[in-house]
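# Coordinate analysis (summary)
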Amino acid sequence: MKNDVMGIIYTSKDDLALRELTSQRAVAAIPVAGRYRMIDFPLANMVNSNIHNVGIIAQKNYQSLMDHLGSGKDWDLHTRNNGLFFLPPFTTRDNNGEYNGIMDALRSNFDYLRRSKQDYVILTDSDYVMNTTFDAMIEQHIKSKADITLMYQKVTPAITEFSSSSKNNHVYMGVDADKNVVGLEVNPNAAAYDNLFLSILMVKRTLLIYLVDQAISRGSHDLYADVLIPAIQANSLKIMGYEETSYYRRVETIRGFFNLNLELLTAEAAAALFDANPVFTKTRDSVPTIYRGNAKVTNSLVADGCVIEGEVENCVLFRGVRVGKGAKLKNCVIMQDSYVEDDVELENVIFDKEVTIRSHGRLIGQAQYPIVIGKNITL
Amino acid sequence: MKKKKCIAMLLAGGQGSRLGLLTKVMAKPAVPFGGKYRIIDFPLSNCTNSNIDTVGVLTQYQPLELNSYIGSGQPWDLDMSYGGVYVLPPYMTAKSGEWYSGTANAIYQNIGFIQQFDPEYVLILSGDHIYKMDYNRMLTAHIERNADITIAVRPVPWEVAPSFGIMNTDADHNIIEFEEKPKHPKSNLASMGVYIFTWKVLKEYLEADNADPNSKNDFGKNIIPSLLRDKKNMLAYEFADYWKDVGTIASLWEANMDLLQENPEFDLTDPRWKIYSRSPVMPPQYLGKNAVVQNSMLTEGCQVFGTVKHSVLFAGVVVEEGAVVEDSVLMPGTTVKAGAVVKRAIVAEDCVISANAKVGEDEGDIALIGQATTLPEGYVVKAGTQVDTDALRGEA
């Protein structure tokens, strides 16, 4: 059954702490968990919530994202009405290809918002992995007659560890017993609240259009400082919180990215991220993975299309990775089509796509500071 | 509408009874092969790779699995607004309605379908073989020689030639004689069941064949002999690459094992000739802390905690800790529980091999477990035996 809800996925540009992986792509396009890109998770959450009109707001370096999403057919979003709308920036007087935050981005895509027919919008960032549906939030939002519902999660050591060294948009919310949001703080040094806003919100489409227009026409761009916080203070909008308890990891730093991938080697994390609902991704028609006679692969996630002849322990291997004879890999994240030749030794290393390391090479990183080798480099 | 130069008709209605329990609930072309494929992926991918964009799939026996697998044809890029893949089951008309009585009759009943595209040539395929073939080259040969029919042939070892349809040709590759399963073959060129007809000629012969009450309505038994009798221009097109009939449990097992060679005779990895298939939406495969996986092929959704040697595992197969799988083919969704041993066996989809059960032996014929069978704990299946839920119920 179709929902009366549309989705908008914002692909942000706050990527300084991930620059080794984002020099040629958006954060949303970073490969993760063996065969996915970051955006597959918010997109799967939309599709699994029967949301069939999804806009992707792209900016800067969106080529790899566009290539990944295509017509949306791998997500069953290539329908006649609705479907996937890729919204690239176009340079105009007020837009140089980079947005000044999400309000600015929405202003630039006003026509898409206006033309869509759904009553509600779910707006989300794309720098996290989570596998859930929005069904319960949608139900709460409609029943409670809220103007805006913000999704949050209780802060646990795990989430904060993943995001600790960067403070991009760490928004904490105070929520009372009736789920009303009573306060918001953005990037506090010492947070007063322990509810982390997950950068996912639900709002009526016409209200969103109104709010964006009001803000931009007054020269304000900040969703929090200019829209949400004043509304909470003036009690002018009914803003509610929705608590989400699914496994959630935001990727803001290289270390966080590394830890997330290795955490997926535990049964609990893998089950939470992979099994709750199907996660769709671009089909590649890879052949199955081949393990040769000397292969020794333990505690690892391996995608299709790999050929493994060496030893692999605690690793995530993406599609089409080759590991030569006598090679030893430990605690590594090796992306698509990389080639580890014979007798190479790697520990605590991240390879971006299409990296080749020649025979007898040796790279040993620290668990806290993994070595990252950029896309298409031969060592 | 714009006419199509060549369309393909894929005969997928056969039961494949020599595959025993494997084809009890699905037609032979739907049988899984090679870790993530089904037999029908090979002719369909060959069509896509040969730029043949219109394919009629003739179904009859147990079509459900095949129909849902083909769907809109999207995995093979055959979801088009003009052309694409069409599933063609037998149908009723105002006056009558009947099953496809033979391969030729199946095409005869779909003359209307073919006429829609007004093709010059029709490619007839079967869904029984594993091979990669450029049909376009065969079509070029057919057109160059102005042939009425071109039959793909393949040299087979002389000792097995008596089990094939054998084509005797002259020096110019003209077919001068056809012998179905001859005791003393004069040639070792076996028909691959791949034909290109000039549509005008085929239509005429299908109509004549249908009018003949004594005909078996079969290409090999009736249509081709009639063409020979009329001295039509018949060309043999020789194909020398890998081509394997997977019509028996032993040959299906063998073809899967062929893929595990270091330099396999049949290479699935060629980027210029990809084999497409409908991908299950599943996470990457996971190998546990004590897993041993060697000389094997695994795909998405597999989880291995035990030992897997020289085997092919399909999507979502689980091998628990302490379980051993050797020289076997485990089809999608099967679980091998702790302490169970599977050797020289094919286990069909969604089976559970319970703790300490034993399937197959080190020597002897291949053991087979039919679809969705749960083998009881400690149950023993001997080499060459076939077991499924009904068989288990019969024993109880």
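Residues numbered from 1 in each chain as written. Chains lettered and ligands numbered in written order. Predicted model: local features only at pLDDT ≥ 70, side-chain atom pairs only at ≥ 80, totals over all residues. Heavy atoms only, no water.

### Notes on the overall build of chain B
The criterion, for reference: Secondary structure elements are taken from DSSP: a helix is a run of H or I of four residues or more, a strand is a run of E of two residues or more, and numbering for both begins at the N terminus. Two things to know: the radius of gyration comes from C-alpha atoms, and the globule rule equals 2.2 Å times the number of residues to the power 0.38. Exposed residues in this analysis have more than 50% of their type's maximum accessible area, buried residues have under 20%, and partly exposed residues fall in between, with area computed by a 1.4 Å probe over protein chains only. Note on definitions: a residue-residue contact is assigned when non-hydrogen atoms from the two residues lie within 4.5 Å. For accessible areas, the Shrake-Rupley method is used with a probe of radius 1.4 Å. Any residue's cover is judged against the shown protein chains and nothing else. Positive charges come from Lys and Arg, negative ones from Asp and Glu, while His and the chain ends are left out of the count. Charge placement uses NZ in Lys and CZ in Arg. For Asp and Glu, CG and CD serve respectively.
Assigned secondary structure in chain B consists of nine helices and 31 strands. Relative to the 2.2 N^0.38 estimate, which gives 21 Å for 396 residues, the radius of gyration of chain B is 22 Å and therefore close to what a compact globule would have. If you line up chain B on its principal axes, its C-alpha atoms span 65 × 45 × 45 Å. A burial count over chain B gives 58% of its 396 residues as buried. Here the contacts in chain B between residues at least 6 apart in sequence split such that 54% fall between residues at least 24 apart. Total accessible area computed for chain B in this model is approximately 16300 Å², and 49% of it derives from carbon and sulfur atoms. Computed over 36 positive and 48 negative side-chain charges, the inter-centroid distance for chain B is 3 Å.

### A closer look at the confidence of the model for chain B
Inclusion rule: How sure the predictor is of each residue is captured by pLDDT, a score from 0 to 100.
Counting all residues, the mean pLDDT for chain B is 93, and 99% of those residues have values of 70 or more. Interface confidence for the predicted complex, expressed as ipTM, amounts to 0.90; the pTM equals 0.91.

### What about the side chain of Thr23(B)?
Relative to the helices and strands, Thr23(B) is located in the loop between strand S1 (6-11) and strand S2 (32-33). Each residue touching Thr23(B), except ones within four places of it in the same chain, is listed here: Gln15(B), Gly16(B), Ser17(B), Lys28(B), Val31(B) and Tyr61(B).

### Focus on the packing of aromatic side chains
Quick note on the threshold: Classification of ring pairs rests on two measures: the distance between centres of Phe, Tyr or Trp rings, Trp counted by its six-membered ring, which must be within 6.5 Å, and the angle between planes, read as stacked under 30 degrees, edge-to-face over 60 and tilted in between. Whether a charge sits over a ring comes down to the Lys NZ or Arg CZ being within 6 Å of the ring centre and within 35 degrees of the ring normal.
Counted by the stated rule, this structure contains 22 aromatic pairs over all chains. Relative to Tyr112(A), the ring of Phe85(A) has its centre 5.1 Å away and its plane inclined at 45 degrees; by these criteria the two rings are tilted. With a gap of 27 residues between them, Phe85(A) in strand S5 (residues 83-87) and Tyr112(A) in helix H5 (residues 110-115) connect regions that are remote in the sequence. With a relative accessible area of 28%, Phe85(A) lands in the partly exposed category. On the basis of relative accessible area, Tyr112(A) is assigned to the buried category, the value being 5%. Here Tyr69(B) and Trp76(B) contribute two aromatic rings whose centre-to-centre distance is 5.5 Å and whose plane-to-plane angle is 70 degrees, an arrangement assigned as edge-to-face. By relative accessible area, which is 7% here, Tyr69(B) ends up buried. According to the relative accessible area criterion, Trp76(B) is buried, its value standing at 0%. These aromatic residues form a ring-pair network of at least three members: Phe33(B), Tyr37(B), Phe42(B), Tyr242(B) and Phe266(B). Between Arg107(A) and the ring centre of Phe110(A), over which it is positioned, the NZ or CZ distance is 4.8 Å. Positioned above the aromatic ring of Tyr69(B) is the side chain of Arg38(B), whose terminal nitrogen or guanidinium carbon lies 4.9 Å from the ring centre.

### Brief notes about the sheet that holds strand S21 (residues 324-326) of chain B
Residue and element names in this part refer to chain B. Quick reminder of the rule: Strand pairing is defined by DSSP finding a minimum of two bridges between the two strands.
Read from one edge of the open sheet, six strands run S15-S18-S21-S24-S27-S30, paired in parallel fashion. In this open sheet, the two strands that pair with only one neighbour each are strand S15 (292-294) and strand S30 (380-381). Sheet topology places strand S24 (residues 341-343) next to strand S27 (residues 358-359); two bridges connect them, and they run parallel. Across the sheet, residue Val-342 finds its bridge partner in S27, namely Val-359.

### Quick look at the pattern of salt bridges
Residues and elements named next belong to chain B. Here is the rule we go by: In the sections that follow, a salt bridge refers to a side-chain nitrogen of Lys or Arg positioned within 4 Å of a carboxyl oxygen of Asp or Glu.
Going through the model one piece at a time under the given rule, you end up with 31 salt bridges over all chains. Where Lys-203 meets Glu-207, a salt bridge forms, and the shortest distance between an N and an O atom there is 3.8 Å. Of this pair, Lys-203 and Glu-207 both sit in helix H6 (residues 199-211), four residues apart, roughly one helical turn. For Glu-207, a relative accessible area of 38% corresponds to the partly exposed category.

### Considerations on the nonpolar core
Our working definition: To qualify as a nonpolar core, a set must consist of buried Ala, Val, Leu, Ile, Met, Phe, Trp, Tyr and Cys residues joined through side-chain atoms within 4.5 Å.
In this structure, Leu22(B) and Ile346(B) are the most contacted members of the largest nonpolar core, which totals 77 residues. Among the elements that take part in this core, helix H8 (residues 249-258) of chain B stands out by supplying five residues, more than any other. Residues contacting Ile346(B), with those up to four places away along its chain left out, are Leu22(B), Ile249(B), Leu252(B), Trp253(B), Val329(B), Met331(B), Ile366(B), Ala367(B), Leu368(B) and Ile369(B). Of all hydrophobic cores here, the second largest spans 67 residues; its members include Tyr120(A), Leu196(A), Tyr242(A) and Tyr247(A).

### Things to note about the side chain of His141(A)
All names here are of chain A. Following the sequence through the fold, His-141 ends up in helix H6 (residues 135-143). By relative accessible area, His-141 is classed as buried at 2%. What His-141 contacts, discounting residues up to four positions off in sequence, is Tyr-120, Ala-146, Asp-147, Ile-148, Thr-149, Met-202, Val-203 and Lys-204.

### Thoughts on the interface of chain B and chain A
Definition in use: Polar contact is defined as a pair of N or O atoms within 3.5 Å, subject to the rule that within protein one atom must be able to donate a hydrogen and the other to accept it, and that residues adjacent in sequence are counted only when both atoms are side-chain atoms. Charged means Asp, Glu, Lys or Arg here, nonpolar means Ala, Val, Leu, Ile, Met, Phe, Trp, Tyr, Cys or Pro, and polar covers whatever is left, Gly included.
Between chain B and chain A, the contact holds 34 residues from the first and 34 residues from the second. Linking chain B to chain A there are four salt bridges. Across the pair Glu300(B) and Arg35(A) runs a salt bridge, and its minimum N-O distance is 3.1 Å. At the junction of chain B with chain A, the criterion picks out 23 residue pairs in polar contact (both at pLDDT 80 or more). Elements supplying a minimum of two residues to the side of chain B that touches chain A: strand S14 (285-287), S15 and strand S16 (296-298) of chain B. When grouped by side-chain class, the residues that make up the side of chain B that touches chain A number 15 nonpolar, 13 polar and six charged. As paired strands, strand S14 (residues 289-291) of chain A and S16(B) are joined by three bridges and run antiparallel to one another. Directly across from Thr289(A), in S16(B), lies its bridge partner Leu298(B).

### Section: the domain arrangement of chain A
All names here are of chain A. What counts is decided by this rule: Bear in mind that the domain bounds are from an automatic or database domain assignment. A simple way to read buried area is as the amount of 1.4 Å-probe accessible surface that goes missing from two parts once joined, with both sides added.
Along its sequence, chain A is carved into domain 1 (5-274) and domain 2 (290-373). Computed from C-alpha atoms alone, the centre-to-centre distance between domain 1 and domain 2 is 33 Å. Every contact between the two is made by 19 residues of domain 1 and, on the other side, 23 residues of domain 2. Here domain 1 and domain 2 share an interface that buries about 1700 Å² over both sides, 69% of which is from carbon and sulfur atoms. For domain 1, the biggest contributors to the area lost against domain 2 are Gly-34, Phe-258 and Leu-265; these three give 36% of the whole. Counting across the domain 1 and domain 2 interface gives one salt bridge. A salt bridge links Asp-352 to Arg-25, with the nearest nitrogen and oxygen atoms 2.8 Å apart. Where domain 1 packs against domain 2, one counts two residue pairs in polar contact (both at pLDDT 80 or more). By residue class, the composition of the side of domain 1 that touches domain 2 is twelve nonpolar, two polar and five charged.

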